[in-house]
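# Coordinate analysis (summary)
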Amino acid sequence: MTSKKFVVNIPEFDEARPVAEIVQIASRFSSRIFLISGSKKINAKSIMGMMSLGLCNNEEIEIEAEGDDSAGAVDAIVNYMSPASH
């Protein structure tokens, strides 16, 4: 399992577009991928789940991935959601 905490920093954040992009990125990987915010642990490949997460810029969240390509999945999503932390 690979995990990382980071701060969301998506330029031109408007929630709907970034959430769809995150789901598309996550779907490229075979690993199980979850975003964790507070008590919520959401499947990053689920558009409805991701919409319920209520992401905001400057919010610290955690990503967890489990599978053969977990490191690549974490890197790709963190790079999209927080390019400055990479």
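Our subject is the structure that appears above.
The notes below deal with the structure included here.

Criteria and cut-off values
- Residues numbered from 1 in each chain as written.
- Predicted model: local features only at pLDDT ≥ 70, side-chain atom pairs only at ≥ 80, totals over all residues.
- Heavy atoms only, no water.
- Salt bridge = Lys/Arg side-chain N within 4 Å of Asp/Glu carboxyl O.
- Helix = DSSP H or I, 4+ residues; strand = E, 2+ residues; numbered from the N terminus.
- Buried < 20%, exposed > 50% of the residue type's maximum accessible area, 1.4 Å probe, protein only.
- Lys, Arg positive; Asp, Glu negative; His and termini not counted.
- Polar contact = N/O pair within 3.5 Å; in protein donor to acceptor, adjacent residues only side chain to side chain.
- Contact = heavy atoms within 4.5 Å.
- Pairing = 2+ DSSP bridges.

Right, let's talk about the pattern of salt bridges for a bit. When their charged atoms lie close together, side chains carrying opposite charge are able to pair. Tallied over the entire structure, the rule returns 1 salt bridge. A salt bridge links K41 to E64; its shortest N-O distance comes to 3.1 Å. Of this pair, K41 sits in strand β3 (residues 40–43) while E64 sits in strand β4 (residues 60–66), placing them 23 residues apart in sequence. According to the relative accessible area criterion, K41 is partly exposed, its value standing at 47%.

One non-glycine residue, N58, adopts positive backbone phi at about 70°. Within the element layout of this structure, N58 appears in the loop between α2 (47–53) and β4. Looking at N58, the relative accessible area reads 66%, which means it is exposed.

A few words on the side chain of E59. When you line up the elements, E59 lands in the loop between α2 and β4. Buried within the structure, E59 lacks any salt-bridge partner; its nearest side chain of opposite charge belongs to K40, at an N-O separation of 8.3 Å. In terms of polar contacts, E59 uses its side chain to reach the backbone amide nitrogen of C56, at 3.0 Å. Beyond its immediate stretch of four places on either side in the chain, E59 contacts F6, V7, V8, S37 and G54.

Let us look at the pairing of strand β2 (residues 32–37). In regular strands, side chains alternate between the two faces of the sheet. Most of β2 is tucked away: 5 of the 6 residues are buried. Pairing between β2 and β4: 5 bridges, direction antiparallel. The partner of R32 across the bridge, within β4, is E66. Sheet analysis places β2 next to β3, joined by 4 bridges and oriented antiparallel. When the sheet's bridge partners are listed, L35 is paired in β3 with I42. Between β2 and β3, which pair antiparallel and follow one another directly, the connecting turn spans 2 residues, one of which, G38, has a positive phi of 60°.

Nothing here speaks to function; it is all geometry.
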